[in-house]
Amino acid sequence: MSPAYANPGDTNALGLDAPTFTGLLATDVLTVSLDGTTTFFDGTNVLTGRTLADDVISVELLLIFGGEDGTENPGLSNDNVDANDKAFLTSFPYLASPW
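Residues numbered from 1 in each chain as written. Predicted model: local features only at pLDDT ≥ 70, side-chain atom pairs only at ≥ 80, totals over all residues. Heavy atoms only, no water.

1. What to know about the overall build of the protein
Piece 1. Scanning the protein from terminus to terminus reveals 2 helices and 0 strands.
Piece 2. Restricting to contacts in the protein with at least 6 residues of sequence separation, those with at least 24 account for 24%.
Piece 3. With an accessible surface of roughly 7,100 Å², the protein has 58% of that area assigned to carbon and sulfur atoms. (Helix = DSSP H or I, 4+ residues; strand = E, 2+ residues; numbered from the N terminus. Contact = heavy atoms within 4.5 Å. Areas by Shrake-Rupley, 256 points an atom, 1.4 Å probe, with all protein chains shown as cover.)

2. With respect to a nonpolar patch on the surface
Piece 1. Together, L52, F88, F92, Y94 and L95 give the surface a local cluster of nonpolar side chains, amounting to about 530 Å² of exposed area.
Piece 2. In this structure, Y94 sits in the segment after α2 (56-65). (Patch = residues over 30% accessible without salt bridge, like charges linked within 9 Å, V, L, I, M, F, W, Y side chains within 5 Å. Salt bridge = Lys/Arg side-chain N within 4 Å of Asp/Glu carboxyl O.)

3. Topic: the nonpolar core
Piece 1. One finds F21, F40, L47, V56, V59 and L63 forming the largest nonpolar core, which totals 6 residues.
Piece 2. Here this core takes 3 residues from α2, the largest share from any one element.
Piece 3. Each residue touching F21, except ones within four places of it in the same chain, is listed here: N12, L14, L16, L63 and I64. (Core = buried A, V, L, I, M, F, W, Y, C linked by side-chain atoms within 4.5 Å. Buried < 20%, exposed > 50% of the residue type's maximum accessible area, 1.4 Å probe, protein only.)

4. Some remarks on α2
Piece 1. Buried within α2 we find V56, S58, V59 and L63. The buried residues of α2 occupy an angular sector of 170° when projected down its axis, which confines them to one face.
Piece 2. Positive phi appears at G67, one or two residues downstream of α2, with a value of about 75°. (Arc of directions from axis to C-beta.)

5. Examining the confidence of the model for the protein
Detailed reading of the predicted model is not advised wherever pLDDT is low.
Piece 1. Per-residue pLDDT for the protein averages 79, and the proportion of residues at 70 or more is 86%.
Piece 2. Per-residue pLDDT stays below 50 along residues 1-5; that stretch engages in 5 contacts with residues further than four places along the chain or on separate chains. (pLDDT = per-residue confidence, 0-100.)

6. Here we look at the side chain of S77
Piece 1. Within the secondary structure, S77 sits in the segment after α2.
Piece 2. For S77, a relative accessible area of 10% translates into the label buried.
Piece 3. A polar contact is formed between the side chain of S77 and the backbone oxygen of E72, at a distance of 3.3 Å.
Piece 4. Ignoring any residue separated from it by four or fewer positions in sequence, one finds S77 in contact with S58, L61, L62, F65, G66 and E72. (Polar contact = N/O pair within 3.5 Å; in protein donor to acceptor, adjacent residues only side chain to side chain.)

7. Some details on unusual backbone geometry
Piece 1. A cis geometry characterises the amide bond from F92 onward to P93, with omega recorded as 15°.
Piece 2. Structurally, P93 can be placed in the segment after α2.
Piece 3. Positive phi outside glycine occurs at N73, with the angle close to 50°.
Piece 4. In this fold, N73 is placed in the segment after α2.
Piece 5. On the accessibility criterion, N73 (17% relative accessible area) is buried.
Piece 6. In this model, N80 sits at a positive phi of 60°, which is unusual for a non-glycine residue.

This is the structure we're talking about:
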């Protein structure tokens, strides 16, 4: 089996088995920490909220393919899109206008 595919008993960077991990990423609910760091993933805090600048796809790829310590399968662990094509606005609604 290719190292990119986890065995059912394997754990990922969060220490979760495959069914639990899949359920966590597949839900439409984003847990928000009211008394801690708000981040999608910063190496310590995971899924405690999200800022507009969080690189959600790269984080999910890292959590899925990076293995227990985040270093496995480096070619699959990053989408290599490191910035938006337009800067965020400094006031509401914060997102740049469409092209």
